[in-house]
Structure formats: structure tokens, C-alpha cells
Amino acid sequence: TGKLRDVLSAPAEPGMLLKLPGNVLSLAYSPDGRWLAAGHIVGLMQLWDTASLEQGPILSGHANGVTGIAFSLDGQWIASSSQDQTVILWDASTNALVTTLTGHNASVNCVAFSPDGHQIASGGDDKKAAAGQVLIHDMAVI
């Protein structure tokens, strides 16, 4: 458990402080600013309520570190990428795991929604070629 420290009420402090279990690999704010999501090296994603500065839900589904987090612009979805070679799509209102996207053959290092919310792009390493790999996932078929 933990609590954020508000930087505005204590300007001499280094900022907001998150006490998390393990290293943080990724961060993202929800479009409305209500939530801050933190991706952990242990494969968890922790949500923090920025209004109350309290710890929110923990989303568990990855087998390895969460390297990227993206909220859809409408706030309906959260996508997380991982060193476990997957992208997980979460329902932001229920925090439920909707689906796990595969196709990468190495760590997935980042994830992003298209501005219209119709696609998810994920980028990572490629074991078969000495290069990177970007996959585009169509939300209509997920």
C-alpha cells in the first residue's frame, strides 16, 4: 500500500512519491487525469487516484515487466506492453482483462492507441532479425 505525496502542498519536496513493490518501468495518466498508472518490473500495473492520492486497483496479467502503458483517448481502454512478449487490453471502467494480444517474438517495449481509438500499435525487439518490430492491432477484431 502507499500514498502519493502532493507536490503542490510541499514544494520543497522532490514531488509526488509512489511506494511500489519493485522498479517502475512505465507511467501513463488517464486522459481525464484521474488515474496515474505505473508498470512494475514484476508484471503488475498499479493505478493511483490522483484526486485522493490513494492507491487504486492493481491489474495483474503479465508474466514479466510492464514496459509500456497507454490509455485510449476516450478513457475506455488501457493497453499495457510487457517483456513477456504480449500486449494486454484492459477495460478501464472495470479493470478487467479483455484480451491478450500476441505476435511479438521478444520483449514488447511500448504501446500506443491511434487518435481515433481504432488501432493499437506495439513496438519491440525482434529475435529473428537484428531490428525492431512494430505490430498494428485492429480494435474491430479484438
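Residues numbered from 1 in each chain as written. Predicted model: local features only at pLDDT ≥ 70, side-chain atom pairs only at ≥ 80, totals over all residues. Heavy atoms only, no water.

Scanning the protein from N- to C-terminus turns up zero helices and 11 strands. Overall, the protein shows an N-to-C arrangement of helices and strands of β-β-β-β-β-β-β-β-β-β-β. Taking all 142 residues of the protein together, the buried fraction comes to 42%. Considering only contacts in the protein between residues 6 or more positions apart, those separated by 24 or more positions represent 32%. Surface summary for the protein: the accessible area is close to 7,300 Å², and the carbon and sulfur share equals 54%. (Helix = DSSP H or I, 4+ residues; strand = E, 2+ residues; numbered from the N terminus. Buried < 20%, exposed > 50% of the residue type's maximum accessible area, 1.4 Å probe, protein only. Contact = heavy atoms within 4.5 Å. Areas by Shrake-Rupley, 256 points an atom, 1.4 Å probe, with all protein chains shown as cover.)

Okay, the sheet that holds strand β3 (residues 44-49) next. Across the sheet, which stays open at both edges, the four strands sit in the order β1-β2-β3-β4 with antiparallel pairing between neighbours. Looking at the sheet topology across the chains shown, the edges are occupied by β1 (24-29) and β4 (54-60). Neighbouring strand axes in the sheet, compared pairwise and without regard to direction, differ in orientation by 20° on average. Judged from the five bridges that link them, strand β2 (residues 35-40) and β3 form a sheet pairing that is antiparallel. When the bridges of β3 are listed, Trp35 appears paired with Asp49. (Pairing = 2+ DSSP bridges. Axes fitted to C-alpha atoms, helices over the stretch in contact; angles between N-to-C directions.)

Okay, unusual backbone geometry next. Working note: non-glycine residues mostly have negative phi, and peptide bonds are mostly trans. The phi dihedral of Gln85 is positive, around 75°, even though this residue is not glycine. Since its relative accessible area comes to 27%, Gln85 is described here as partly exposed.

Judged by side-chain polarity, Leu25, Ile41 and Val42 come together as a nonpolar surface patch covering roughly 220 Å² of accessible area. Along the chain, Val42 falls in the loop between β2 and β3. (Patch = residues over 30% accessible without salt bridge, like charges linked within 9 Å, V, L, I, M, F, W, Y side chains within 5 Å. Salt bridge = Lys/Arg side-chain N within 4 Å of Asp/Glu carboxyl O.)

Ala28, Trp35, Ala37, Met45, Leu47, Leu59, Val66, Ile69, Phe71, Ile78, Ile88 and Trp90 form the largest nonpolar core, which has 12 residues in total. Within the residue set of this core, elements represented by two or more residues are β2, β3, β5 (66-71) and β7 (87-91). Top element by residues in this core is β5. It accounts for three residues. Those residues in contact with Ile88 that sit more than four places away from it in its chain are Gly61, His62, Ile78, Ala79, Ser80, Leu97, Thr99 and Thr100. (Core = buried A, V, L, I, M, F, W, Y, C linked by side-chain atoms within 4.5 Å.)

The antiparallel open sheet is built from four strands, whose spatial order is β5-β6-β7-β8. The outermost strands of the open sheet, each flanked by one partner alone, are β5 and β8 (97-101). Along the sheet, successive strands turn relative to each other by an average axial angle of 20°, direction set aside. As paired strands, strand β6 (residues 77-82) and β7 are joined by five bridges and run antiparallel to one another. Across the sheet, the residue bridging to Ser81 is Val87, located in β7.

Tracing the sequence through the fold places Thr99 in strand β8. On the accessibility criterion, Thr99 (22% relative accessible area) is partly exposed. Once the C-alpha coordinates of Thr99 and Gly61 are considered, the two residues, 38 residues apart in sequence, prove to be 10.0 Å apart. For Thr99, the residues in contact, after removing those within four places along its chain, are Val87, Ile88, Leu89 and Ile142.

Looking at the element boundaries, Ala121 is found in strand β10 (residues 119-126). Residue Ala121 is classed as partly exposed on the basis of its relative accessible area, which comes to 25%. Sequence-wise, Ala121 and Leu135 are 14 residues apart; in three dimensions their C-alpha atoms are separated by 5.7 Å.

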